[in-house]
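# Topology and contacts: notes
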Amino acid sequence: RRFCERHPPCLLGFYVEDREDHKMASIRFFSLLNKPQELAAIIRSLLGYSWDAYRGAPANFLCSRNGRVFISLYDQDGYSRTMNDLFSVEEVNDLSLLHVSVVSNMQRTKSTVHVHMWRHGDGVWRTYLTLDTDQLLDPRREPKAVLANNKIYIASAQSDIVVFDLTASSISMFQLPQGVEYGDRDTMLAQAQDASGVYLIHAKKLQLHIWLHKGDNWFLVDTICLREMVANMWIPGYRVEDESYAPLRIKHVGDYAECIFLEMGRCALQLDVKCMQLRKVYIMAEEEVCLGDIHPLKMIWPPIFPALKDNPASSK
């Protein structure tokens, strides 16, 4: 535990998912610079992997977790699925997955929440929880939902957050901080450090406001100004003197809001919140119309240490 706290997993790079007409157009991997030489072979294999089998398919890139990439293939039926998300659950020497979907009837008068669990080594998806409600749930595709302290926080409507409590088998709701509403990629949720709350990151012009919801209250814990960081950075499609020309958009927020991927102009930027360092990690090609979704890829974690032989302490 102490080792993992002092040495967080290394960020190898990120995937960019491009979509056309609700179908997957391409998945591309981009490595980050200044990686140890022993990771070179892993990076080459990631760069060379082909995703052509999913090109043009009705598919979603769900996430990358612990050395695995999860793709969701879907079809159409008589129901409306307004949420389809995957969460990782760390257990002792193991990793489980929770898949959550919200299904509304065609009349959009009621909703059902389906939660299934997949345990490593079991290889079977099993029903974990089913919640029926006469209330029409309206989850948003953006920002993405977050799992924290056995609760799933889901953005809904214009300024609401719906909470699925997996322990109490209940559904509740609270509102965003006063004056904050969901816009065009300007808000994102993230798990808080103690797992008992949730972060909300809100972009406004060249500022990032980080809110923490704990208990029944919102607390503004940090405000980050990016103006000086981008002043001397060449960003195609962006002019410092005209902030409305290329609005700041949030593409991804890591756990504990420590790493944030941003879109500005025709570039993707990575912000290390702890070190307050902003760097350019991707520039769109001329033929690209928009920047696709970003999915970071980290090292497999935690590491598995070899057992010590002939050591009495290892058996205690």
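Residues numbered from 1 in each chain as written. Predicted model: local features only at pLDDT ≥ 70, side-chain atom pairs only at ≥ 80, totals over all residues. Heavy atoms only, no water.

An unreviewed UniProt entry annotates the chain as F-box protein AT5G49610-like beta-propeller domain-containing protein originating from Aegilops tauschii subsp. strangulata.

With that settled, consider the overall build of the chain. Along the chain, the regular secondary structure elements total three helices and 21 strands. Evaluated residue by residue, the chain yields a buried proportion of 44% over its 316 residues. Residue pairs at least 24 apart in sequence account for 45% of intrachain contacts in the chain once pairs closer than 6 positions are excluded. With the model as given, the accessible surface of the chain reaches about 18,100 Å², and the carbon-plus-sulfur share is 49%. (Helix = DSSP H or I, 4+ residues; strand = E, 2+ residues; numbered from the N terminus. Buried < 20%, exposed > 50% of the residue type's maximum accessible area, 1.4 Å probe, protein only. Contact = heavy atoms within 4.5 Å. Areas by Shrake-Rupley, 256 points an atom, 1.4 Å probe, with all protein chains shown as cover.)

On to the sheet that holds strand E12 (residues 170-175), then. Pairing between the strands of a sheet comes from backbone hydrogen bonds, and it takes one of two forms, parallel or antiparallel. A sheet is described by the order of its strands in space; here four strands give the open sequence E9-E10-E11-E12, paired in antiparallel fashion. If you trace the sheet from one side to the other, it starts and ends with strand E9 (146-148) and E12, each paired once. Between one strand and the next, the sheet's axes are offset by a mean angle of 25°, whatever the strand orientation. As defined by bridge partners, strand E11 (residues 160-165) adjoins E12 across six bridges and the pair is classed as antiparallel. Along E12, the bridge assignment pairs Val163 with Ser172. (Pairing = 2+ DSSP bridges. Axes fitted to C-alpha atoms, helices over the stretch in contact; angles between N-to-C directions.)

One finds Ile201, Leu208, Ile250, Ile260 and Leu262 to be the most contacted residues of the largest nonpolar core, which totals 28 residues. Where this core is concerned, the elements lending two or more residues are strand E13 (187-191), strand E14 (198-204), strand E15 (207-214), strand E17 (249-253), strand E18 (259-264) and strand E19 (267-272). With residues up to four places along the chain from it excluded, the contact list for Leu262 reads Leu208, Leu226, Leu248, Arg249, Ile250, Lys251, Cys267, Ala268, Leu269 and Leu278. Among the nonpolar cores identified, the runner-up in size contains 18 residues, and Val100, Leu137, Val162 and Phe164 belong to it. (Core = buried A, V, L, I, M, F, W, Y, C linked by side-chain atoms within 4.5 Å.)

In the predicted model, the chain carries a mean pLDDT of 83, and 88% of its residues have values of at least 70. Highest mean pLDDT in the chain belongs to strand E16 (residues 217-225) (95); lowest belongs to strand E5 (residues 80-91) (74). (pLDDT = per-residue confidence, 0-100.)

Time to look at the pattern of salt bridges. Scanning the entire structure with this criterion turns up eight salt bridges. The salt bridge involving Glu288 is made with Arg28; its shortest N-O contact spans 3.0 Å. Here the residue Glu288 occupies a position in the loop between strand E20 (277-283) and strand E21 (293-298), and Arg28 occupies one in strand E2 (residues 23-31), the gap between them amounting to 260 residues. Under the relative-accessibility criterion, Glu288 is labelled buried at 12%. Residue Arg126 is joined to Asp122 by a salt bridge in which the shortest nitrogen-to-oxygen separation is 2.9 Å. According to the relative accessible area criterion, Arg126 is partly exposed, its value standing at 47%. For Asp122, a relative accessible area of 33% corresponds to the partly exposed category. Put simply, Asp18, Arg28 and Glu288 are held in one network by salt bridges that share partners. (Salt bridge = Lys/Arg side-chain N within 4 Å of Asp/Glu carboxyl O.)

The strand order E13-E14-E15-E16 describes an open sheet built from four strands, whose pairing is antiparallel. One side of each edge strand has no neighbouring strand; the edge strands of this open sheet are E13 and E16. Across the sheet, the mean angle separating the axes of adjacent strands is 25° when strand polarity is ignored. By the bridge criterion, seven bridges tie E14 to E15 in an arrangement that is antiparallel. Each bridged residue has a counterpart across the sheet, and for Val198 the counterpart in E15 is His213.

Moving on to the side chain of Ser156. Relative to the elements of secondary structure, Ser156 occurs in strand E10 (residues 151-156). Contacts of Ser156, omitting those with residues within four sequence positions, involve Asp138, Pro139, Arg140, Val162 and Tyr182.

This brings us to the packing of aromatic side chains. For the coordinates displayed, the defined rule picks out 10 aromatic pairs. Taken together through their ring pairs, the aromatic side chains of Tyr15, Phe29, Tyr49, Trp51, Tyr54 and Phe61 make up a single cluster. (Phe/Tyr/Trp six-rings, centres within 6.5 Å; stacked < 30°, edge-to-face > 60°.)

Here the focus is unusual backbone geometry. Of note in this structure, Ala157 is not a glycine but carries a positive phi near 55°. Looking at the secondary structure, you find Ala157 in the loop between E10 and E11. On the basis of relative accessibility, which here comes to 29%, the residue Ala157 falls in the partly exposed class. In this structure, Tyr256 is a non-glycine residue whose phi angle is positive, near 65°. In this fold, Tyr256 is placed in the loop between E17 and E18.

Two elements, strand E3 (residues 59-65) and strand E4 (residues 68-73), share six bridges in a ladder whose sense is antiparallel. What sits directly across from Cys63, in E4, is Phe70. Here E3 folds back onto E4, and the loop between the two strands holds two residues, one of which, Asn66, carries a positive phi near 50°.

Turning our eyes to something else, we now look at the environment of Gly265. Among the structural elements, Gly265 can be located in the loop between E18 and E19. Expressed as a C-alpha distance, the spacing of Gly265 and Leu291, which sit 26 residues apart in the sequence, is 9.6 Å.

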